[in-house]
Amino acid sequence: MRAKAPPVKLICGLIFKDEKIFKKAKTLLKKKFGAIDLESCIIDFDYTDYYEKEFGKELKRQFISFKKLISPEKLSQIKTQTNTLEKKLALNNRRRINLDPGYLDMAKLVLATTKDYMHRIYLGKGIFAEITLSYRGKSFQHWPWTYPDYQTPQYKQIFNQIRSIYSQQLK
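Residues numbered from 1 in each chain as written. Predicted model: local features only at pLDDT ≥ 70, side-chain atom pairs only at ≥ 80, totals over all residues. Heavy atoms only, no water.

Caption draft 1: Structural detail: the pattern of salt bridges. Enumeration according to the criterion identifies nine salt bridges in this entry. Between Asp149 and Arg61 there is a salt bridge; the shortest N-O distance is 3.0 Å. Of the two residues, Asp149 is situated in the loop between β9 (139–142) and α4 (153–170) and Arg61 in strand β4 (residues 59–70); the sequence distance between them amounts to 88 residues. Residue class for Asp149 comes out buried when judged on its relative accessible area of 4%. On the accessibility criterion, Arg61 (2% relative accessible area) is buried. Here Asp105 makes a salt bridge to Lys108, at a shortest N to O gap of 2.6 Å. Among the residues examined, Asp105 registers a relative accessible area of 13% and is labelled buried. Since its relative accessible area comes to 23%, Lys108 is described here as partly exposed. (Salt bridge = Lys/Arg side-chain N within 4 Å of Asp/Glu carboxyl O. Helix = DSSP H or I, 4+ residues; strand = E, 2+ residues; numbered from the N terminus. Buried < 20%, exposed > 50% of the residue type's maximum accessible area, 1.4 Å probe, protein only.)

Structure, rendered in structure tokens:
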């Protein structure tokens, strides 16, 4: 008999410049994945200029988590759905928001991506997964490959909060 994976906490990071597109994206995400149970504060996103050509300067970031727990094997399907939402909100074939779905469990934060690298595992349909943070010593810890913004105490505090909500849901 195959063991079933325990449910995990769906999260999404949003990078944006336009407040209207940000609000529209959150509405669409709620429609697709259900109620949001945590919204981080809006954070300046100035860790890289990777998105500047597409979105411009002075970008913002917010993390959200969803109340309904999911099966971890749905991550690649969810990433495909968020990619479709990005295209739906695009203007002249240029994205106006970046949606980074992932999940959190008691031991780790996993992000979905379309980019392959040595530490990423292929899930299928052009989607890869990476363990971005691991939970050790009462907080999330980063790896050498973790994006610089995910290494910050501010981000780790947000994920610790989400982990606390998740822990309560498991009881």
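Structure shown, so let's carry the discussion forward.
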